[in-house]
Amino acid sequence: MHITKDLVAASATPLVLGILAEGESYGYAILKQVNELSGGQLEWTEGLLYPLLHRLERLGHVEAYWQAPAGGRRRKYYRITDQGRAEFAEQRRQWAAVVDTLRGVWDTARSVNPIAAPAWEAGR
């Protein structure tokens with residue numbers, strides 16, 4: 001299934017803040033976690049993630065630091081701030097309202113009888 005860029009972009013901030021609310025992480029691990037959480041349906045690129053992380057850092061929602069794990073190469077780690085936790089809570093409230101509204105529309109659409117195709121399309 002193809003998920004549109006608009007939907008991917010709209011969901012990116014709460015996804016990243018939610019992942020970082022569980023614990024600090026670095027870019028590649030965040031990309032991998034998004035892919036796993038979505039069952040492979042969201043395949044983010046570095047071109048989407050890193051500008052988002054930098055924006056969240058400028059806004060004060062995340063902070064970053066460099067660390068080299070034992071025997072590994074240096075990585076930039078990100079962690080959520082208190083301000084980021086407050087933003088994540090707000091994002092959750094907003095997304096809950098959107099999801100509830102969509103469910104209402106979908107439930108209503110299921111109960112409506114489908115409109116029959118016009119006679120001129122019936123033979124197609």
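Residues numbered from 1 in each chain as written. Predicted model: local features only at pLDDT ≥ 70, side-chain atom pairs only at ≥ 80, totals over all residues. Heavy atoms only, no water.

1. Describing the overall build of the chain
Tallying secondary structure elements over the chain gives five helices and three strands in all. Going from the N terminus to the C terminus, the chain shows its helices and strands as α-β-α-α-β-β-α-α. Within the chain, buried positions represent 27% of all 124 residues. For the chain, long-range pairs separated by at least 24 residues make up 50% of all intrachain contacts whose partners lie at least 6 apart in sequence. Working note: accessible area of the chain is about 8800 Å², and carbon and sulfur atoms make up 54% of it. (Helix = DSSP H or I, 4+ residues; strand = E, 2+ residues; numbered from the N terminus. Buried < 20%, exposed > 50% of the residue type's maximum accessible area, 1.4 Å probe, protein only. Contact = heavy atoms within 4.5 Å. Areas by Shrake-Rupley, 256 points an atom, 1.4 Å probe, with all protein chains shown as cover.)

2. Some words on the sheet that holds strand β1 (residues 25–26)
Sheet architecture is open: three strands sit in the order β1-β3-β2, paired in antiparallel fashion. Strands with a single pairing partner mark the edges of an open sheet, and in this sheet they are β1 and β2 (62–67). Inspection of the sheet shows β1 paired to strand β3 (residues 75–80) by two bridges, in the antiparallel sense. Counterpart to Tyr 26 in the pairing with β3 is Tyr 77. (Pairing = 2+ DSSP bridges.)

3. Observations concerning helix α4 (residues 82–111)
Look at α4: 44 Å from first C-alpha to last across 30 residues, which is about the 44 Å you get at 1.5 Å a residue. Within the span of α4, buried status applies to Gly 84, Phe 88 and Gln 91. Those residues of α4 hidden inside the fold are in contact with α1 (5–21) and β3. (Expected span 1.5 Å × (residues − 1).)

4. A short note on the nonpolar core
Counting 19 residues, the largest nonpolar core has Val 16, Leu 20, Ile 30, Trp 44, Leu 49 and Leu 53 as the members making the most contacts within it. Sorting the residues of this core by element identifies α1, α2 (27–37), α3 (46–58) and β3 as the ones contributing at least two each. If you tally residues by element for this core, the top one is α1, at six residues. Excluding its chain neighbours within four sequence positions, the residues that come into contact with Ile 30 are Val 16, Ile 19, Leu 20, Ser 25, Leu 49 and Leu 53. (Core = buried A, V, L, I, M, F, W, Y, C linked by side-chain atoms within 4.5 Å.)

5. What to know about the side chain of His 61
Looking at where His 61 falls in the secondary structure, it is placed in the loop between α3 and β2. For His 61, a relative accessible area of 8% translates into the label buried. Those residues within four positions of His 61 in sequence are excluded, and the remaining contacts are Leu 17, Leu 56, Arg 79, Ile 80, Thr 81, Gln 83, Gly 84 and Glu 87.

6. Considering the pattern of salt bridges
Under the definition given, this model contains four salt bridges. Notably, a salt bridge pairs Lys 76 with Glu 57, separated by 3.9 Å at the nearest N-O pair. Taken as a pair, Lys 76 in strand β3 and Glu 57 in helix α3 lie far apart in primary sequence, 19 residues in all. Residue class for Glu 57 comes out partly exposed when judged on its relative accessible area of 29%. The residue Arg 93 makes a salt bridge to Glu 90 at a minimum N-O spacing of 3.0 Å. With Arg 93 and Glu 90 both in helix α4 and three residues apart, this pair spans about one turn of that helix. For Arg 93, a relative accessible area of 53% corresponds to the exposed category. When salt bridges with common partners are traced through the structure, they connect Glu 24, Glu 63 and Arg 79 into a single cluster. (Salt bridge = Lys/Arg side-chain N within 4 Å of Asp/Glu carboxyl O.)

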